[in-house]
Amino acid sequence: MSFTLSTGATLSVAKTYSPAYGVAGTSITAITNANPAVCSATNTLAAGDYVLINSGWGLLDSRVVRVASSPAPTGGTFALEGVDTSDTTKYPAAGGAGSFKKITAWTALSQIKGVSASGGTQQFADITCINDVTKRNIPTVKDAVNMTIEVFDDPSLSWYADVMTADLARSPYGVLMTFANGSKLAGNAYWALSRIPNIATNEALTAQISLSFAGEPIRYAT
């Protein structure tokens, strides 16, 4: 059994992409059905880089993934750490082609007061038959995953403009959380920054940043 304190945790927004965000990304001609999945694409990536993946596979599309160290990236391939596409029912063979963008810089948010998450609850369909004496449910979809970040308000902070850029883009930007034990959470989310701070008597002003994840985030142990 182990515990991780929130003390020392950091949260960052993707600042820049290569090629520039909004420009057609580098083509992925194929993705293997394997664990980890291997992309066929001309690249200059290194292990540990984070990439935004657009894929014909809905379960992989719009996710931010770390480039794996094994197998190591080559000029023509790179593997997606933590992504298992070996199930051809979920990932039909030859259906994963798409594009990618490397996240070239992150901006860390400061003065974070707290972070809360919601959503992700599993939904179920009722398949109870008339002869059943106990109801039966089967899983369907999960609720959208959302995150709320409360920060001490200061529009002069260096990260403010980058979060505002993500807000105004109305398209997903990467999010990276690093915890005190070295574990990480990587995702891709729509960002929204409240322009009006919360104001209370004898308390510091705070502002709210809202995130709605466009793809399932990935947890990495290190």
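Reference entry: report on the structure contained in this document. (Residues numbered from 1 in each chain as written. Predicted model: local features only at pLDDT ≥ 70, side-chain atom pairs only at ≥ 80, totals over all residues. Heavy atoms only, no water.)

1. Digging into the sheet that holds strand 3 (residues 30-31)
Judged by pairing direction, the sheet is antiparallel, and its three strands sit side by side in the order 3-4-7 without closing on themselves. Every other strand in the sheet has two partners, leaving strand 3 and strand 7 (77-80) as the edge strands with one partner each. Here strand 4 (residues 37-40) pairs with strand 7 via four bridges, running antiparallel. Opposite Cys39, over in strand 7, you have Phe78 as the bridge partner. (Pairing = 2+ DSSP bridges. Helix = DSSP H or I, 4+ residues; strand = E, 2+ residues; numbered from the N terminus.)

2. Quick word on helix 1 (residues 160-169)
Every buried residue belonging to helix 1 is among Tyr160, Asp162, Val163, Met164, Ala166 and Asp167, and all of these are buried. Packed against the buried residues of helix 1 are strand 1 (10-18), strand 8 (98-108), strand 13 (173-178), strand 14 (184-193) and strand 15 (206-213). Just past helix 1, the residue Arg170 takes up positive phi, approximately 55°. (Buried < 20%, exposed > 50% of the residue type's maximum accessible area, 1.4 Å probe, protein only. Contact = heavy atoms within 4.5 Å.)

3. Structural notes on the packing of aromatic side chains
Tallied over the entire structure, the rule returns five aromatic pairs. Centroid distance Trp57 to Tyr91: 5.3 Å. Interplanar angle 75°. Geometry classified as edge-to-face. Placement of the pair is Trp57 in the loop between strand 5 (50-55) and strand 6 (63-66) and Tyr91 in the loop between strand 7 and strand 8, with a sequence separation of 34 residues. A relative accessible area of 3% means that Trp57 is categorised as buried. In this structure Tyr91 comes out as buried when scored by relative accessible area, which is 8%. (Phe/Tyr/Trp six-rings, centres within 6.5 Å; stacked < 30°, edge-to-face > 60°.)

Interpretation note: all reported values are geometric properties and have no functional meaning in isolation.
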